[in-house]
Amino acid sequence: SLFQNYCEEEFAKGSSPVRIIEEFFKQREGFDSIQLQNDLLFRFVQYTERQVVLFDALEDAAFSKVNDMAGKGTLKQLEMQVAQNKSEHALGEKLKSFAVQPVLTAHPTQFYPEEVLGIIRDLSKALQHNDTVLVNTYLQQLGKTPFFKQEKPSPYDEAVRLVWFLENVFYDACANIMVSLKRSFSDIVNVYNPVVRMGFWPGGDRDGNPFVNSDATWKVALALRGGILKCYYLQLRRLRRRLTFKGVEELLVALESKLYENVFIPDRQTSISKEELLDTMYQVRKIVVERHDGLFLHLVDNLIFKIHIFGLYFAVLDIRQDSSIHKKLFAELERLSLVPSGYGEM
């Protein structure tokens, strides 16, 4: 605060930034060396960065308090509007061909390492519960945690960081949207056409990143597959704690075991398909409805929605190629007379 006040006062007098900083250190004992001055300035920057993170966490924690969760543009408002106008049929027709596809892209200067993202998430939860002891602890942890890596991230590194958002944000959010729509409009929401689908750029943007090649694309595709299988596995484990009923547990144990092998034992990966996952979950659903009074049915439906939305790929990997590569390809095809002469000029 002393530095901030001094900057504001001197800047108002017309002093240059360089002169302001030089004079600031001249007036304080113990900062004779450039090393100490730079160290203090660097810590000011660190402090400011972490203040930004704190503000982000506060904004997340207070989102439902500062925003009208039933206002314009929300699912609640849509529900009321459809009911008032008696336009369920029109909504049903729209949902047959409607989908939103958020596409996750990456720029190395735009996002935090996975460790920082985890702290922000925990910090938001602590703020929601007004747990000042935990908030203080997490802020101290944040002060000791590097915000940036020394080396430039590879396309795979960028992808892994974005997969964190898929696992920790979109995995639940996309399903919650579908569950909310299904609850309000059970007859017109079709799970085979999810309203939200995810798109993904890292690992496929060969027109914008010279380090992206077929190997990088394959590694990213495997990371996406591994990420969604891990999410299914963890949710299935939680589901088993509730569905302890006869006829159900055996199905879930077998599926959990297969997912475990695919996620955690690379050399023992077995074939697994979206259809197999859905078939097992629909068997579970049938037993829960017919023999166990529909207890915890909403938990089963939640996982079914997620399998329909994310399949075994999590997000559609957009692959774009630089036009110069296409030109070389068609020049070679023309040389071999596989396309008409003069194709490039056309």
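Look a little higher up for the structure.
This write-up is about the structure you can find in this document. All figures in this text were calculated on a predicted structure; none of them were measured in a lab. (Residues numbered from 1 in each chain as written. Predicted model: local features only at pLDDT ≥ 70, side-chain atom pairs only at ≥ 80, totals over all residues. Heavy atoms only, no water.)

### Some remarks on the overall build of the protein
Part 1: Regarding its fold elements, the protein presents 14 helices and three strands.
Part 2: Here the C-alpha radius of gyration of the protein, 27 Å, is well above what a compact globule of 346 residues would show, namely 20 Å.
Part 3: The C-alpha extent of the protein, read off along each of the three principal axes, is 80 × 70 × 55 Å.
Part 4: Taking all 346 residues of the protein together, 36% fall into the buried category. (Helix = DSSP H or I, 4+ residues; strand = E, 2+ residues; numbered from the N terminus. Rg over C-alpha atoms; globule rule 2.2 N^0.38 Å. Buried < 20%, exposed > 50% of the residue type's maximum accessible area, 1.4 Å probe, protein only.)

### Describing the packing of aromatic side chains
Part 1: If you walk through the whole model with that rule in mind, you get 15 aromatic pairs.
Part 2: Ring geometry for tyrosine 233 versus tyrosine 260: centroids 5.8 Å apart, planes at 55°, classification tilted. Of this pair, tyrosine 233 sits in helix α10 (residues 214–242) while tyrosine 260 sits in helix α11 (residues 249–264), and the two are 27 residues apart along the sequence.
Part 3: The buried category is assigned to tyrosine 233, whose relative accessible area is 6%.
Part 4: Where tyrosine 233 meets phenylalanine 264, the ring centres are 5.4 Å apart and the plane angle is 75°; that geometry is what we call edge-to-face. On the criterion of sequence distance, the pair formed by tyrosine 233 in helix α10 and phenylalanine 264 in helix α11 is long-range, its members being 31 residues apart.
Part 5: When its relative accessible area of 40% is taken as the criterion, phenylalanine 264 is described as partly exposed.
Part 6: Site record: aromatic cluster; members linked through ring pairs are Phe3, Tyr6, Phe24, Phe25, Phe31 and Phe44.
Part 7: Between lysine 219 and the ring centre of tyrosine 156, over which it is positioned, the NZ or CZ distance is 4.3 Å. (Phe/Tyr/Trp six-rings, centres within 6.5 Å; stacked < 30°, edge-to-face > 60°. Lys NZ or Arg CZ within 6 Å of the ring centre and 35° of its normal.)

### Observations regarding the side chain of asparagine 302
Part 1: As for its position among the elements, asparagine 302 is in helix α13 (residues 297–310).
Part 2: Setting aside its immediate chain neighbours within four residues, asparagine 302 contacts Ala175, Asn176, Val179 and Gln235. (Contact = heavy atoms within 4.5 Å.)

### Points about the packing of helix α1 (residues 2–12) against helix α2 (residues 17–26)
Part 1: Contact geometry of α1 with α2 gives a least axis separation of 10 Å together with a crossing angle of 130°. Classified by the angle between their axes, α1 and α2 sit oblique to one another. Crossing of α1 against α2: the hand is right-handed. Side by side, α1 and α2 meet where Leu2, Phe3, Tyr6, Cys7, Glu10 and Phe11 of the first sit next to Ile20, Ile21, Glu23 and Phe24 of the second.
Part 2: Considered class by class, the residues forming the contact of α1 with α2 number eight nonpolar, no polar and two charged. (Axes fitted to C-alpha atoms, helices over the stretch in contact; angles between N-to-C directions. Parallel < 35°, antiparallel > 145°, perpendicular 65-115°, else oblique. Left-handed = near helix turned anticlockwise from the far one by under 90°. Nonpolar A, V, L, I, M, F, W, Y, C, P; charged D, E, K, R; others polar.)

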